[in-house]
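Descriptive structure summary
Take a look at the letters that make up each chain.
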Amino acid sequence: MKSKQPLQLTLAILKPHVVKSPFVLQKIRDLIIDEGFKVVRSRRTIITPMEAESFYADHKEKFFYNRLMTFMCSGPSDIHILTAHDAIAKWRTLMGPTKVYQAQFHAPHTIRGMYGLSDTRNATHGSVASCFRLPRIIKTRNSHIFQRIQHRTLVQK
Ligand SMILES: Nc1ncnc2c1ncn2[C@@H]1O[C@H](COP(=O)(O)OP(=O)(O)OP(=O)(O)O)[C@@H](O)[C@H]1O
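Our subject in this report is the structure included herewith. (Residues numbered from 1 in each chain as written. Predicted model: local features only at pLDDT ≥ 70, side-chain atom pairs only at ≥ 80, totals over all residues. Heavy atoms only, no water.)

1. Here's the deal with the pairing of strand β1 (residues 7-14)
- Among the 8 residues in β1, 8 count as buried, and that is most of the element.
- Inspection of the sheet shows β1 paired to strand β3 (residues 77-85) by 8 bridges, in the antiparallel sense. Counted as the bridge partner of Ala12 is His80 from β3.
- In this sheet, strand β4 (residues 124-126) lies alongside β1 in antiparallel orientation, the contact comprising 3 bridges. Looking at the pairing, Ala12 lines up with Gly126 of β4. (Buried < 20%, exposed > 50% of the residue type's maximum accessible area, 1.4 Å probe, protein only. Helix = DSSP H or I, 4+ residues; strand = E, 2+ residues; numbered from the N terminus. Pairing = 2+ DSSP bridges.)

Shown next as structure tokens:
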């Protein structure tokens with residue numbers, strides 16, 4: 001029987017402290033596959049300060065902004081475009097709450113519950129909307145292919 005859930009794309013970033021730890025990285029990759037996501041695009045890159053500033057522009061006034069900028073640019077991140085039915089909500093559920101203590105307490109089997117180190121180093125990022133801001137780091141190559149995939153998956157909603 002066909003699922004009623006929409007097929008979506010979502011942006012998943014595995015943050016620098018995850019990429020530095022091969023065991024944790026493999027565990028998170030396994031969770032992504034076990035949850036039924038398909039990986040549409042992947043790229044490992046060091047996010048530049050300019051990219052991070054534009055990506056987290058909404059947080060510019062927050063007390064943790066400088067810490068977040070320094071951390072996100074501190075080493076390679078793995079950037080993935082994932083697809084699944086209802087991918088945005090599904091990935092956010094798999095990640096768990098933003099704050100690591102909350103994740104450890106309320107959702108201990110989520111990625112952040114298991115592998116988050118602090119509210120900043122909380123292992124992963126996920127999109128909050130279907131028209132997520134696509135970082136330049138993933139747009140640069142094959143962006144025309146990506147747009148076709150995005151269009152195709154979004155129109156299947
Ligand atoms: N109170 C905080 N202290 C330190 N860092 C924080 C705090 N709140 C959020 N952050 C950092 O800023 C990022 C963006 O925060 P946001 O509130 O948009 O959470 P989110 O939507 O769960 O996270 P993300 O955008 O990474 O999916 C978080 O992932 C985290 O790294």
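Further notes follow.
2. Here's the deal with the site of the ligand
- As a matter of local geometry, the ligand sits amid 18 residues, with Lys15, Arg92, Thr98, Thr120 and His125 nearest to it.
- Thr98 has a polar side-chain atom sitting 2.4 Å from an oxygen atom of the ligand.
- Arg112 is positioned with one of its side-chain polar atoms (N or O) 3.3 Å from an oxygen atom of the ligand.
- In the complex, 86% of the free accessible area of the ligand, which totals 580 Å², lies under the protein chains.
- Elements with a contribution of two residues or more to the shell around the ligand: α4 (65-72), α5 (87-95) and β4.
- Tallying contributions element by element places β4 first for the shell around the ligand, with 3 residues.
- For the shell around the ligand, the residue count by class is 5 nonpolar, 7 polar and 6 charged. (Near = heavy atom within 4 Å. Polar contact = N/O pair within 3.5 Å; in protein donor to acceptor, adjacent residues only side chain to side chain. Areas by Shrake-Rupley, 256 points an atom, 1.4 Å probe, with all protein chains shown as cover. Nonpolar A, V, L, I, M, F, W, Y, C, P; charged D, E, K, R; others polar.)

3. Some details on the sheet that holds β3
- If you walk across this open sheet you meet the 4 strands as β2-β3-β1-β4, and the pairing is antiparallel. Each edge of the open sheet is held by one strand with a lone partner, namely β2 (38-45) and β4. Strand-to-strand twist in this sheet, taken as the mean axis angle between neighbours without regard to direction, amounts to 20°.
- In the packing of helix α2 (residues 22-34) onto the sheet, the strands contacted are β1, β2 and β3, and the crossing angle to β2 comes to about 155°. (Axes fitted to C-alpha atoms, helices over the stretch in contact; angles between N-to-C directions. Contact = heavy atoms within 4.5 Å.)

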